[in-house]
Every structure is written in structure tokens, then in C-alpha cells.
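For reference, the chains in residue letters:
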There are 2 protein chains.
Amino acid sequence: MPAKRRPAPATAEHAPLQLEHFLPYRLSILSNTISQAIADDYQRRYDISVTEWRVMAVLARFDGLSAREVAERTAMDKVAVSRALARLVEAGRVHRSIHDDDKRRSVLSLTETGWTMHDEVAPMARAREREVLAKLDAEEQAWLERILDKLQLTVR
Amino acid sequence: MPAKRRPAPATAEHAPLQLEHFLPYRLSILSNTISQAIADDYQRRYDISVTEWRVMAVLARFDGLSAREVAERTAMDKVAVSRALARLVEAGRVHRSIHDDDKRRSVLSLTETGWTMHDEVAPMARAREREVLAKLDAEEQAWLERILDKLQLTVR
DNA sequence: ACGTTATAGTTACATGTGAAACCATTTGCA
DNA sequence: TGCAAATGGTTTCACATGTAACTATAACGT
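Keep in mind it's a predicted model, so treat the numbers as computed, not measured.

Visitor: Looking at this structure, I do not really get the overall build of chain A. What am I missing?
Guide: Within chain A one finds six helices and two strands. In chain A, the order of α-helices and β-strands from amino to carboxyl end is α-α-α-α-β-β-α-α. Considered along the principal axes of its C-alpha atoms, chain A spans approximately 70 × 40 × 35 Å. Looking at the 156 residues of chain A, the share that counts as buried comes to 46%. A total of about 8400 Å² of accessible surface is found on chain A, and carbon and sulfur atoms cover 49% of it. In chain A, which carries 25 positive and 24 negative side-chain charges, the distance between the mean positions of the two groups comes to 7 Å.

Visitor: Sorry, what's going on with the interface of chain A and chain B here?
Guide: In many reports, interface size means the accessible area that the parts give up when they come together. Counting from both sides, the interface comprises 74 residues of chain A and, opposite them, 74 residues of chain B. The largest share of the area that chain A buries against chain B comes from Leu17, Arg26 and Arg61 of chain A, three residues that together contribute 10% of it. Where chain A touches chain B, the interface holds 12 salt bridges. A salt bridge links aspartate 149 of chain B to arginine 26 of chain A; its shortest N-O distance comes to 2.6 Å. Its residues assigned to classes, the side of chain A that touches chain B comprises 37 nonpolar, 16 polar and 21 charged.

Visitor: Help me understand the pattern of salt bridges, please; the structure alone is not making it clear to me.
Guide: Where charged atoms from two side chains of opposite charge come close, those side chains can pair. A full pass over the atoms with the stated rule returns 24 salt bridges over all chains. Glutamate 20 of chain B is the partner of arginine 61 of chain A in a salt bridge, and the nearest nitrogen-oxygen pair spans 2.9 Å. Of the two residues, arginine 61 of chain A sits in helix H2 (residues 50-61) while glutamate 20 of chain B sits in the segment before helix H1 (23-46), which places them in two different chains. Among the residues examined, arginine 61 of chain A registers a relative accessible area of 23% and is labelled partly exposed. With relative accessibility at 34%, the residue glutamate 20 of chain B sits in the partly exposed group. Between aspartate 102 of chain A and arginine 104 of chain A there is a salt bridge, and its shortest N-O distance comes to 3.0 Å.

Visitor: Teacher, can you tell me more about the protein's contact with DNA strand C here?
Guide: What surrounds DNA strand C is a group of 18 residues, the closest being Arg68, Ser82, Arg96, Arg104 and Ser106 of chain B. Considering DNA strand C, the proportion of its atoms within 4 Å of the protein that are sugar or phosphate atoms stands at 55%. Separating a phosphate oxygen of DNA strand C from a side-chain N or O atom of aspartate 77 of chain A is a distance of 3.4 Å. Interatomic distance of 2.3 Å between a side-chain N/O atom of arginine 68 of chain B and a phosphate oxygen of DNA strand C. Among the secondary structure elements, those contributing two or more residues to the surface near DNA strand C are helix H4 (78-90) of chain A together with helix H3 (67-74) and helix H4 (78-90) of chain B. Looking at which element gives the most residues to the surface near DNA strand C, the answer is H4 of chain B, with four residues.

Visitor: What should I look at first to understand the relation of the copies chain A and chain B in this one?
Guide: The operation relating chain A to chain B is a screw motion whose rotation component is 180°, with 0.0 Å of axial translation and a residual RMSD of 0.1 Å. Such values leave the two copies arranged in the relation of a two-fold axis. A share of 100% of interface residues in chain A that are also interface residues in chain B marks the association as one of identical surfaces.

Visitor: For this particular structure, what's the right way to read the protein's contact with DNA strand D?
Guide: If you check the shell around DNA strand D, you find 18 residues, and the closest are Arg68, Ser82, Arg96, Arg104 and Ser106 of chain A. Among the atoms of DNA strand D lying within 4 Å of the protein, the sugar-phosphate backbone contributes 53%. In the model, a phosphate oxygen of DNA strand D is placed 2.4 Å from a nitrogen or oxygen of the arginine 68 of chain A side chain. Side-chain polar atom of arginine 104 of chain A to a base oxygen of DNA strand D: 2.6 Å apart, as the coordinates give it. Mapped onto the surface near DNA strand D, the elements with two or more residues apiece are helix H3 (67-74) and H4 of chain A together with H4 of chain B. The element best represented in the surface near DNA strand D is H4 of chain A, accounting for four residues. Grouping the constituent residues of the surface near DNA strand D by class yields three nonpolar, three polar and 12 charged.

Visitor: I keep staring at the environment of tyrosine 25 of chain A and nothing clicks. Help me out?
Guide: Along the chain, tyrosine 25 of chain A falls in helix H1 (residues 23-46). The class of tyrosine 25 of chain A is buried, set by a relative accessible area of 7%. Those residues in contact with tyrosine 25 of chain A, other than ones at most four positions away along the chain, are Leu19 and Glu20 of chain A together with Arg54, Arg73, Thr74 and Ala75 of chain B.

Visitor: When you look at the nonpolar core in this model, what are you seeing that I'm missing?
Guide: For soluble globular proteins, nonpolar side chains are generally found buried alongside one another. Membership of the largest hydrophobic core comes to 90 residues, with the highest contact counts inside it found for Tyr42 and Trp53 of chain A together with Tyr42 and Trp53 of chain B. The residues touching tryptophan 53 of chain A, leaving out its near neighbours within four places in the chain, are Tyr42, Ile48, Met117, His118, Val121 and Ala122 of chain A together with Leu17 of chain B.

Visitor: Where do I start with the packing of aromatic side chains in this structure?
Guide: Each aromatic ring pair is specified by the distance between its two centres and by the angle formed by the two planes. Overall, the coordinates contain three aromatic pairs over all chains when judged by the stated rule. Ring centres 5.8 Å apart and planes at 45° place the aromatic pair tyrosine 42 of chain A and tryptophan 53 of chain A in the tilted group. Within this pair, whereas tyrosine 42 of chain A is found in helix H1, its partner tryptophan 53 of chain A is found in helix H2, the two being separated by 11 residues in sequence. Residues tryptophan 143 of chain A and tryptophan 143 of chain B carry aromatic rings whose centres are separated by 5.5 Å and whose planes lie at 10° to one another, so their mutual orientation is stacked. With one member in each of two chains, tryptophan 143 of chain A in helix H6 (residues 138-154) and tryptophan 143 of chain B in helix H6 (residues 138-154) form a pair that bridges those chains.

What counts and what doesn't
- Residue numbers run consecutively from 1 along every chain, following the written order of its sequence.
- Each chain is given a letter, starting from A, and each ligand a number, starting from 1, according to the order in which they appear as written.
- Restriction of local features to residues with pLDDT of at least 70 applies here, the model being predicted, together with a cutoff of 80 or more for giving and counting side-chain atom pairs; totals for whole chains, interfaces and linings are based on all residues.
- The side-chain values count all of the structure's non-hydrogen atoms but skip hydrogen atoms and water molecules.
- What counts as a helix is a DSSP run of H or I of at least four residues, what counts as a strand is a run of E of at least two, and both are numbered from the N terminus.
- Burial classification: accessible surface area is computed with a 1.4 Å probe over protein chains only, and a residue below 20% of its type maximum counts as buried, one above 50% as exposed, and the rest as partly exposed.
- All accessible areas in this document rest on Shrake-Rupley with a 1.4 Å probe, and a residue is counted as covered only by the protein chains that are shown.
- Under the convention used here, Asp and Glu are negative, Lys and Arg are positive, and both His and the chain ends fall outside the count.
- Note on charges: their place is set at NZ of Lys, CZ of Arg, CG of Asp or CD of Glu.
- Contacts were defined at the residue level, with two residues in contact if any of their heavy atoms lie within 4.5 Å.
- Buried surface area refers to the total accessible area, computed with a probe of radius 1.4 Å, that the two partners give up upon joining, counted for both partners together.
- Counted as salt bridges are all cases of a side-chain nitrogen of Lys or Arg within 4 Å of a carboxyl oxygen of Asp or Glu.
- Under the scheme applied here, ten amino acids are nonpolar (Ala, Val, Leu, Ile, Met, Phe, Trp, Tyr, Cys and Pro), four are charged (Asp, Glu, Lys and Arg), and all others, including Gly, are polar.
- Any residue with a heavy atom lying within 4 Å of a molecule or strand is counted as near it.
- We call two N or O atoms a polar contact when they sit within 3.5 Å, provided that within protein one can donate a hydrogen and the other can accept it, with sequence-adjacent residues counted only if both atoms are side-chain atoms.
- To superpose the copies, least squares is applied to the C-alpha atoms of every residue with a pLDDT of at least 70 in both.
- Take the buried residues of types Ala, Val, Leu, Ile, Met, Phe, Trp, Tyr and Cys, join any two whose side-chain atoms come within 4.5 Å, and each joined set is a nonpolar core.
- Two aromatic rings from Phe, Tyr or Trp, using only the six-membered ring of Trp, form a pair when their centres are within 6.5 Å; if the ring planes differ by under 30 degrees the pair is stacked, by over 60 it is edge-to-face, and anything between is tilted.

Take a look at the structure:
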């Protein structure tokens, strides 16, 4: 018998939450596990964080964005973007200049170094994603796609 | 034209990653959005963090666990658990005593205060989860269940 | 019995993160 | 025009989090 003060039998009448069946909990575990598995690949090799990589991925697709636009597209807040950019510019992976017509705005793009790294990391990331998805059969993959779309739309 | 040094046209040849279709990214956004939406409910009201709530939820189901066992069941590391417990004990929500046969081990259980809070928060959390799941029809819910089970098993 | 190794848990340090304050510039409007 | 409000971005502060070092106790092998 554990303690003197054991206020109640931990059972039915309290209807405790079963974490392992609780959606937010499961999503959080799964998301962290997968993100970590994928990030491990490049994190050590290039000394870059997930947030920095996301910024690079966005700049690879949309050249010349401002920091605020990067923030929108990465769903990061502007402070996080500012910090990521500071490191990326420092490391010579991103080039930052000032917008001609609005001197508050920065104009961002990958440098050649940045592109080189991007072109190595992107395929790795995709390969890892495929490994994860390979656990599911085609039908499950389709449903997952559909479910994520739906939740993403409604839950914001 | 953005910058002088614009090394490459950001297009096909570089095959940039599309974050919005990239599984880990989507999971991470979704997970954070949902967790936050649910946690907001109780976080302010009870001044408790998600990690503390998870510890309480586990103790509600398994009375008398040690800290290590809590860590296992919450998928948190032992440092996080130690800190959460410090706060919970301080707040009078968890009772901690020492195991009779092993003085390293602690024996943990909810206090009456802890139970009272649990009995208020658990239904709230479940209700929020239902709201999220309500965005999906029955078939989608079933597939989600199945997909999460499968990924959870294999991706570790 | 005794020293080595393992385990439970906490503490310390370094790092990441978000909110709010802040600076510079631009926009809106009298 | 000129001045208040809004916007882009950085800095500061408080706090959360992870890793490694540490303390105390227990288990193991000789």
C-alpha cells in the first residue's frame, strides 16, 4: 500500500483520461518522433535546426520573400524567423538585402552555398518521409492525406 | 529583381520541398494547433502546463507509480517529470512518499485537491477532443484510428 | 563483506522559445 | 505638409526544455 493519504480508488468513478487513446497526445508523440527522426539526419551534419531548415525550404520555393512572408509560410512567429535568418545569413546560406521601395522590408534568397545544402537535404527529407509512409498501404495513405487536409482546414 | 546575387532560378531543377505537403511539417502544425486549443482551456484556469497535466492524468489511472514509471507512460524524460512533480507536489496536487523497500523510488498519487482538479479537467479535455473529431465523419475517424495505431507501432 | 556497476531522482548549465518592448520606416489622414 | 497609427524587424526578458553531471540507494559479482 503506497501512501497513507490515498484519497480515492483510482478507478471508474473518476473516469481518468487514457492518454494512449487521447488524440492530442498521440499526435504530439507521433509528430515529435517523426520530426526528430528526419531532422537527426541533417541536424548533426549541417549544424542546422528544424526552424532554420524550414526557412530555407520556403526560400527555395519562393525567392525574394520578406521575413514576414517567410513567417506566414512557415507558421513560425516573426521572432523565430528573425533568429533563424540571423544564423542563416551568418552562415552564408541566405542572402539578405533591403527592399528598394520599402526600407523596412528585407529581401531574402538562398546563396549558392544555401542552394547546395538545400539540394542535398531536400532529397534526404523526402526519402525519410517515404520511409514513414511506406508503413501504410496505398488506401491508408490516401485517407491520411484526406484526413489531414480536413483537420488542417477546420481546426484553426 | 530582388538581389544582385541571385544564384539560381528557384524552380524545377532544384526540386524544392513543398512544406505544406510534407508529412512531418503538417503533423507538427496540426499537433501544436490541437494541443494548444485543448490546453488553453485549463492552462489559464489552473496554472498548469501540458506536461503537468499529463503526469496527473497518468497518476489518475495508475495510483502509486514511481517517477520513472510516470516518465515511461507519458513519453517524457525523467528530468521533465521531476520538474513537473516538483510543481505538482508544491501545489498540493500530488502526494509523494518514499517506497518502503527501495528508498530511491518515490510513490506518487493524486491528493484530494488533485482529484478534484482532475475530475474537472478530464471531461473538458475529452469534450475538446470530441469537437476536433467531429470535423471527421465516422469512416474518417475509423481510418485515423487505424493509421495512428499503425504509425505509432512502427515508427519508433 | 566489499567494491563495482546500475538505477531513481535532482541539480546545473546551455540553449531554445514566446511575449512584450523597442527602433525605423511607411501609411493614412487631418 | 505633418503627425498619429500601423508595419517590418530586432532585442530583451522570463521561462521552458534537453543534456550532462551529480547524489543517494540498491543490485551484482567476487
